[in-house]
Amino acid sequence: MKNLFQTSKILLLDLASTLLFLAIYVLTGNLFLAVGLGMALGIAQIGWQLVHNQRVEALQWLSLVIIFASGAATFITDDPLFVMLKPSIIYVIVGMVMLKRGWMTRYLPPIAQATVPDLAITFGYVWAGMMFFSAGLNIVLALALDVTSWAAVKSVWAIGSKVGLFGIQYAIMKSTGIRRARAMMAAS
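Throughout what follows, the structure given in this document is the object of discussion. This structure is a prediction, so every number in the text was calculated from the model and none was measured. (Residues numbered from 1 in each chain as written. Predicted model: local features only at pLDDT ≥ 70, side-chain atom pairs only at ≥ 80, totals over all residues. Heavy atoms only, no water.)

1. Looking at the packing of helix α4 (residues 80-98) against helix α7 (residues 147-187)
Contact pair α4 / α7: the axes reach a minimum separation of 10 Å and the direction vectors enclose 20°. Put simply, α4 runs roughly parallel to α7. Crossing hand, α4 versus α7: left-handed. Contact with α4, carried on its side by Pro80, Val83, Met84, Pro87 and Tyr91, involves Val147, Trp150, Lys154, Ala158 and Lys162 of α7 and no other residues of that element. Here the residues of the contact of α4 with α7 are counted per class, giving 8 nonpolar, no polar and 2 charged. (Axes fitted to C-alpha atoms, helices over the stretch in contact; angles between N-to-C directions. Helix = DSSP H or I, 4+ residues; strand = E, 2+ residues; numbered from the N terminus. Parallel < 35°, antiparallel > 145°, perpendicular 65-115°, else oblique. Left-handed = near helix turned anticlockwise from the far one by under 90°. Contact = heavy atoms within 4.5 Å. Nonpolar A, V, L, I, M, F, W, Y, C, P; charged D, E, K, R; others polar.)

2. Describing the packing of aromatic side chains
Tallied over the full model, the rule gives 3 aromatic pairs. Ring geometry for Phe166 against Tyr170: centres 6.5 Å apart, planes inclined by 25°, an arrangement best described as stacked. In this pair, Phe166 and Tyr170 are both assigned in helix α7, 4 residues apart and thus about one turn of the helix distant. On the basis of relative accessible area, Phe166 is assigned to the buried category, the value being 17%. What makes Tyr170 partly exposed here is its relative accessible area of 24%. Looking at Arg106, its charged tip hangs above the ring of Tyr107, at a distance of 5.0 Å from the centre. (Phe/Tyr/Trp six-rings, centres within 6.5 Å; stacked < 30°, edge-to-face > 60°. Buried < 20%, exposed > 50% of the residue type's maximum accessible area, 1.4 Å probe, protein only. Lys NZ or Arg CZ within 6 Å of the ring centre and 35° of its normal.)

3. Focus on unusual backbone geometry
One non-glycine residue, Asn53, lies in the positive phi region at around 55°. Here Asn53 is to be found in the loop between α2 (31-51) and α3 (58-77).

4. Comments concerning a nonpolar patch on the surface
Taken together, the side chains of Val92, Met96, Leu99, Tyr125 and Phe132 present a nonpolar region at the surface, about 430 Å² in accessible area. Listing elements by their share of the nonpolar patch, those giving two or more residues are α4 and α6 (117-144). (Patch = residues over 30% accessible without salt bridge, like charges linked within 9 Å, V, L, I, M, F, W, Y side chains within 5 Å. Areas by Shrake-Rupley, 256 points an atom, 1.4 Å probe, with all protein chains shown as cover. Salt bridge = Lys/Arg side-chain N within 4 Å of Asp/Glu carboxyl O.)

5. A few points about the side chain of Ser134
Note that Ser134 resides in helix α6. Take Ser134: its relative accessible area is 1%, and that puts it in the buried class. Ignoring any residue separated from it by four or fewer positions in sequence, one finds Ser134 in contact with Tyr91 and Trp157.

Below you can see the structure in the form of structure tokens.
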């Protein structure tokens, strides 16, 4: 259970600016406030890591660039359709980064790195696939729904799909890891 909380903490920190954006937008309906606070949090997170001489992973740098570029574009265009379609571009970019073999390793506790590294690689590609699917789904939703309905459906999908895939991945990797660890102990 300790490993689940450790992994969840890293994942939540990586999603913090997105979660803050969604929360502020849902609570206030103020797109500019939500984007601005999401940008500020993303910059603060990377800055904190740099000040403390911690390694900043590729997905974290990508997140900062995306938050900053898309936030700036949101402020400049003030176009609701652009704002609604923008996540599709982000999903595609993130999906492409997730195609990098082994990107998920940083999220695994040492025991999982020792017993199920192959599953981490496989699930890395599954996550990339979910990002590409989410990009397509977002385009359909943006063209079919008004801004408020889009934000509600998008929020549920964005959080629900990630939590759901995380749960499935955790269950499969945990059970496989236990089985493999027992087999290694029995063989020695």
